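Listed here are the chains, written in short residue letters.
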Amino acid sequence: MTVKVSSIYVNLPVKDLSRSIAFFKALGFESNEEFTDDKGASLVMNESIFVMLLTEEFFASFTHQQIADISKENEVILALQVESKEEVDELVNKAIEHGAQDKTTALSEEEEAMMYYRRIKDLDGHLWEIMYMDMSAMAN
C-alpha cells in the first residue's frame with residue numbers, strides 16, 4: 001500500500017529570519033503571510049510543498065535537542081527538480097548572487113547521461129540540490 005501524502009512541510013532552522021526570507025524571495029519563492037510571524041515563515045515551493053523557515057530558538061522548541069552544526073556535517077540534501085538545465089543554472093546563479101555558496105560536485109558518467117544538477121548551501125548552510133532529470137535517458 002502506498003501512503004497518500006497531500007503535502008510536505010520541511011522545517012529548517014535559520015539564524016536570521018528576515019535575511020533568510022529576503023534570500024528566498026530574491027530567488028522567486030513566495031511566502032505565505034498567513035503562516036509568517038517573528039518566529040517563522042512559510043515559503044511556498046508549489047501547491048503541496050512548503051519550507052518553514054524557523055528561528056533557531058523556535059525550531060529547538062519542537063525537538064528539545066541541539067541544532068546540528070551544519071558547518072561541520074550535513075543534516076539533509078534538499079533536492080528541487082526544475083524543467084530544464086537552463087532553469088538549474090538560473091536558480092543557482094541567482095542564489096550565489098544573493099550569498100549562497102556553490103557546492104556542486106562532479107557526476108558519474110551514468111548520472112550525467114540522465115541528470116544535470118548543481119548544489120548550493122543557503123545563507124544558513126542548508127544544502128540544496130537543484131536538478132533537471134531527463135527521464136527519456138533513464139530508459140536507455
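So, here's what we can say about the structure. No experiment lies behind these values; they were computed from the predicted model shown.

### Description of empty space enclosed by the protein
Item 1. Tallied over the entire structure, the rule returns 1 cavity of 30 Å³ or more.
Item 2. One number sums up the size of the largest cavity: a volume of about 60 Å³.
Item 3. Together, F23, F24, L27, F29, L80, L91, V92, A95, I120, W128 and I130 line the largest cavity.
Item 4. The set of elements that each furnish at least two residues to the lining of the largest cavity consists of α1 (17–26), α3 (85–97) and β8 (127–133).
Item 5. Broken down by element, the residue count for the lining of the largest cavity peaks at 3 residues, all from α3.

### Some points on the sheet that holds strand β5 (residues 77–81)
Item 1. Within the open sheet, the 4 strands sit side by side as β5-β8-β7-β6. Their pairing is mixed. Each having just a single partner strand, β5 and β6 (101–102) make up the two edges of the open sheet.
Item 2. Of the pairings in the sheet, the one linking strand β7 (residues 115–121) to β8 comprises 7 bridges and is antiparallel in character. Across the sheet, residue R118 finds its bridge partner in β8, namely I130.

### A few points about unusual backbone geometry
Item 1. The phi torsion at H64 lies on the positive side, around 60°, for a residue other than glycine.
Item 2. Structurally, H64 can be placed in the loop between α2 (56–63) and β5.

### Description of the nonpolar core
Item 1. Core analysis: the largest hydrophobic core is formed by 25 residues, its most contacted members being F24, L53, W128 and I130.
Item 2. Of all elements in the fold, only β1 (8–14), α1, β3 (40–46), β4 (49–55), β5, α3 and β8 reach the threshold of two or more residues within this core.
Item 3. Residues within four places of I130 in sequence aside, it is in contact with L80, V82, V88, L91, V92, Y116, Y117 and R118.

### Details of the sheet that holds strand β2 (residues 30–32)
Item 1. Taken together, 4 strands build an open sheet; the order of strands is β1-β4-β3-β2 and the sheet is mixed. Sheet topology places β1 and β2 at the edges, where each strand pairs with a single neighbour. The mean angle between the axes of side-by-side strands here comes to 35°, regardless of whether they run parallel or antiparallel.
Item 2. Pairing of β2 with β3 involves 3 bridges; the strand directions are antiparallel. Paired with N32 across the bridge in β3 is S42.
Item 3. Across the sheet, α1 is in contact with β1, β2, β3 and β4; its angle to β4 comes to roughly 155°.
Item 4. Where α2 meets the sheet, it contacts β1 and β4, and its direction lies at approximately 105° from that of β4.

What counts, and where the lines are drawn
- Per chain, the residues get numbers from 1 upward, laid out in the order the sequence is written.
- In view of the model being predicted, local features appear only for residues whose pLDDT reaches at least 70, and side-chain atom pairs are presented and counted only at 80 or more, with totals across whole chains, interfaces and linings using the full set of residues.
- Values reported for side chains reflect all heavy atoms of the structure, with hydrogen atoms and water molecules removed beforehand.
- Only protein atoms enter the calculation, which uses a 1 Å grid: trapped sets of points that fit a 1.4 Å probe without letting it out are cavities, open sets showing protein on both sides within 12 Å along at least five of seven lines are pockets, and any residue with an atom within 4 Å of a point is a lining residue.
- Grid points are joined across faces, edges and corners, and a volume is the space filled by probe spheres set on the points.
- Runs of E in the DSSP output that reach at least two residues are strands. Runs of H or I that reach at least four are helices, and both are numbered from the N terminus.
- For two strands to count as paired, DSSP must find a minimum of two bridges between them.
- Buried Ala, Val, Leu, Ile, Met, Phe, Trp, Tyr and Cys residues form a nonpolar core when they are joined through side-chain atoms within 4.5 Å.
- Relative accessible area decides the class of each residue, using a 1.4 Å probe on protein chains only: under 20% of the type maximum gives buried, over 50% gives exposed, and in between gives partly exposed.
- Residues count as neighbours in contact if any of their non-hydrogen atoms are within 4.5 Å of one another.
- Simply put, an axis is a line fit to the C-alpha atoms, just over the touching stretch for a helix, and the angle between two N-to-C directions goes from 0 to 180 degrees.

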